[in-house]
Amino acid sequence: MKHRKRFKGTVVSNASDKTVVVLVESFKKHPKYKKYMKSRKRYKAHDEKNAYKIGDTVMIEETRPISKDKHFRVIS
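Because the structure is predicted, anything quoted here is derived from the model rather than measured.

The rules we used
- Residues numbered from 1 in each chain as written.
- Predicted model: local features only at pLDDT ≥ 70, side-chain atom pairs only at ≥ 80, totals over all residues.
- Heavy atoms only, no water.
- Pairing = 2+ DSSP bridges.
- Helix = DSSP H or I, 4+ residues; strand = E, 2+ residues; numbered from the N terminus.
- Core = buried A, V, L, I, M, F, W, Y, C linked by side-chain atoms within 4.5 Å.
- Buried < 20%, exposed > 50% of the residue type's maximum accessible area, 1.4 Å probe, protein only.
- Contact = heavy atoms within 4.5 Å.
- Phe/Tyr/Trp six-rings, centres within 6.5 Å; stacked < 30°, edge-to-face > 60°.
- Salt bridge = Lys/Arg side-chain N within 4 Å of Asp/Glu carboxyl O.

A. Expanded view of the pairing of strand 4 (residues 57-62). Of the pairings in the sheet, the one linking strand 1 (residues 6-13) to strand 4 comprises 5 bridges and is antiparallel in character. Paired with Lys 8 across the two strands is Met 59, which belongs to strand 4. Bridge analysis of strand 4 against strand 5 (residues 70-74) gives 3 bridges, and the strand direction is antiparallel. When the bridges of strand 5 are listed, Glu 61 appears paired with Arg 73.

B. Representation of the nonpolar core. Within the largest apolar cluster, 10 residues are counted, these being Val 11, Val 20, Val 22, Val 24, Tyr 43, Ala 45, Val 58, Ile 60, Phe 72 and Val 74. Take this core: its biggest share by element is 3 residues, from strand 2 (residues 19-29). Beyond its immediate chain neighbours, meaning those up to four positions away, Val 74 contacts Val 20, Ala 45, His 46, Tyr 52, Val 58, Met 59 and Ile 60.

C. Just the packing of aromatic side chains, in detail. Taken as a whole and assessed by the stated rule, the structure comprises 3 aromatic pairs. Ring centres 5.2 Å apart and planes at 10° place the aromatic pair Phe 7 and Tyr 43 in the stacked group. Placement of the pair is Phe 7 in strand 1 and Tyr 43 in strand 3 (residues 36-46), with a sequence separation of 36 residues. We classify Tyr 43 as buried; its relative accessible area is 15%. Judged by centre distance (4.8 Å) and plane angle (55°), the rings of Tyr 43 and Phe 72 are tilted. Here Tyr 43 is found in strand 3, whereas its partner Phe 72 is found in strand 5, with 29 residues between them in sequence. Like Phe 72, Tyr 43 is buried. Ring pairs connect the aromatic residues Phe 7, Tyr 43 and Phe 72, which therefore count as one cluster.

D. Spotlight on the pattern of salt bridges. Applying the stated criterion to the full structure yields 5 salt bridges. One salt bridge in this structure joins Glu 48 and Lys 18, with 3.1 Å as the shortest N-O distance. Pair noted here: Glu 48 is in the loop between strand 3 and strand 4 and Lys 18 is in the loop between strand 1 and strand 2, with a separation of 30 residues, a long-range link. Taking the relative accessible area as the measure of exposure, Lys 18 reaches 31% and is therefore partly exposed. Salt bridges sharing common partners tie together Arg 6, Glu 61 and Arg 73.

Okay, here's the thing in structure tokens:
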């Protein structure tokens with residue numbers, strides 16, 4: 001079985017039906033200057049029961065494409 005990407009992040013929007021936007025922060029090292037920089041990325045994730053609210057910390061997992069730009073689902 002193929003390993004699926006998992007990220008931990010914070011819900012920043014739940015305006016859409018069955019969708020939450022999750023902000024994932026990570027630290028990446030600059031290739032030349034070797035300084036660690038904070039990197040932020042927003043992912044749309046499928047939330048079947050509309051259970052999560054803004055500010056919740058969630059774990060998302062990669063899945064098959066659900067819509068044009070939604071290819072993660074909330075697992076906890």
